[in-house]
Amino acid sequence: MSGFLAVVRRDLRLALRQGSDSMMVVTFFVLTVVLFPFGIGPEPGILERVAAGVLWVTALLASMLSLDRLFQTDYEDGSLDLITRSPQPLSVLVLGKVAAHWLTTGLPLLAAAPLLAVLLNMNTGGFGVLVVAFALGTPTLSLIGAVGAALVLGARRGGVLLSLLVLPLYIPVLVFGVSAVDAAIMDLPFKAQLLILGGFLLGAAALCPWATAAALRQAVE
């Protein structure tokens, strides 16, 4: 745990010192959602119907904006060589970097989602489920994105490759996240969808740090 907490503290200090990645993610999320009522019209019924999908798709795209910088800075300044040679298990250190990434990008999305749901006229019955679904889904997006970021590390046009790698893997999270919120709005059972999202998170937490560590070792060789 000492290595995990040290990496989290280090990355949080760097993120707070720079601040650009977090602001970019939140700004993109807010501005994109705000534009939808202008594009599809202010009709409350239409906005309510598409609210869950708009929030999830926009959050998914916003979470990808900072993924290519997850390991790139460490790779460029040589810190990644030291991290991979640390006596601490590399998968644990990777999990720390992913946790810091979620705290600086996923958590602000989670905080902003209910406010933007009001703008989209979402039924209040879906607010609680929206928050829970985001709390389960956004860490999964960060974990999966870390694998993609490690695989394209050092590649030319890495951002394009990263999108092609992770977007297909994001689709199950998107489908069940939207389904849970829609079910809650329509007073239908939604527990199964949340359990599936929780299963995705547990599976990603177990497998993605190991896969990311393997990709990072390959990148620094």
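Use the structure listed above.
Residues numbered from 1 in each chain as written. Predicted model: local features only at pLDDT ≥ 70, side-chain atom pairs only at ≥ 80, totals over all residues. Heavy atoms only, no water.

Student: Describe in detail the overall build of the chain, supporting the description with residues and values.
Tutor: Tallying secondary structure elements over the chain gives 9 helices and 0 strands in all. Ordered by position from N to C terminus, the α and β elements of the chain give α-α-α-α-α-α-α-α-α. A compact globule built from 221 residues would reach a C-alpha radius of gyration of about 17 Å, and the chain, at 18 Å, matches this within 12%. Counting only C-alpha atoms, the chain reaches 55 × 35 × 30 Å along its principal axes. Split into buried and exposed, the 221 residues of the chain put 45% on the buried side. Restricting the contact set of the chain to residue pairs at least 6 apart, pairs at least 24 apart contribute 79%. Accessible surface, the chain as shown: approximately 10900 Å² in total, 70% of it carbon and sulfur. Taking the average location of the 12 positive side-chain charges in the chain and that of its 12 negative ones, the two points are 9 Å from each other. (Helix = DSSP H or I, 4+ residues; strand = E, 2+ residues; numbered from the N terminus. Rg over C-alpha atoms; globule rule 2.2 N^0.38 Å. Buried < 20%, exposed > 50% of the residue type's maximum accessible area, 1.4 Å probe, protein only. Contact = heavy atoms within 4.5 Å. Areas by Shrake-Rupley, 256 points an atom, 1.4 Å probe, with all protein chains shown as cover. Lys, Arg positive; Asp, Glu negative; His and termini not counted. Charge placed at Lys NZ, Arg CZ, Asp CG, Glu CD.)

Student: Provide a residue-level description of the environment of valine 132, including the pertinent values.
Tutor: Relative to the assigned elements, valine 132 resides in helix H7 (residues 127-151). The exposure class assigned to valine 132 is partly exposed, which follows from its relative accessible area of 38%. The spatial distance from the C-alpha of valine 132 to the C-alpha of phenylalanine 36 is 23 Å, given a sequence separation of 96 residues.

Student: Go over the packing of aromatic side chains with me, naming the residues and quoting the values.
Tutor: Think of a pair of aromatic rings as described by two things: how far the centres are apart, and how the planes are tilted against each other in angle. For the structure on display, the rule yields 2 aromatic pairs. Where tryptophan 56 meets phenylalanine 134, the ring centres are 4.6 Å apart and the plane angle is 50°; that geometry is what we call tilted. Highlighted residues: tryptophan 56 in helix H3 (residues 44-64) and phenylalanine 134 in helix H7, separated in sequence by 78 residues. The pair tryptophan 56 / phenylalanine 134 is uniform in exposure class, with both members buried. (Phe/Tyr/Trp six-rings, centres within 6.5 Å; stacked < 30°, edge-to-face > 60°.)

Student: Would you mind going over a nonpolar patch on the surface in detail, with residue names and values included?
Tutor: On the surface, Phe28, Val57, Leu61 and Leu167 cluster together into a nonpolar patch covering about 280 Å² of accessible area. Within the secondary structure layout, leucine 61 lies in helix H3. (Patch = residues over 30% accessible without salt bridge, like charges linked within 9 Å, V, L, I, M, F, W, Y side chains within 5 Å. Salt bridge = Lys/Arg side-chain N within 4 Å of Asp/Glu carboxyl O.)

Student: Pulling in residues and values, what's your account of the packing of H7 against helix H9 (residues 191-220)?
Tutor: With their axes 8 Å apart at the nearest point, H7 and H9 run at an angle of 20° to one another. When the axes of H7 and H9 are compared, the pair comes out roughly parallel. Between H7 and H9 lies a crossing of left-handed hand. Of the residues in the contact of H7 with H9, the class split is 22 nonpolar, 3 polar and no charged. (Axes fitted to C-alpha atoms, helices over the stretch in contact; angles between N-to-C directions. Parallel < 35°, antiparallel > 145°, perpendicular 65-115°, else oblique. Left-handed = near helix turned anticlockwise from the far one by under 90°. Nonpolar A, V, L, I, M, F, W, Y, C, P; charged D, E, K, R; others polar.)

Student: Before we move on, can you summarise the side chain of aspartate 182 with the specific residues and values?
Tutor: Mapping aspartate 182 onto the fold places it in helix H8 (residues 158-185). Among residues more than four places away in sequence, those in contact with aspartate 182 are Arg49 and Ala52.

Student: Let's hear about the pattern of salt bridges: which residues, and what values?
Tutor: Overall, the coordinates contain 1 salt bridge when judged by the stated rule. Arginine 49 is the salt-bridge partner of aspartate 182, the closest N and O atoms lying 3.9 Å from each other. Here the residue aspartate 182 occupies a position in helix H8, and arginine 49 occupies one in helix H3, the gap between them amounting to 133 residues.

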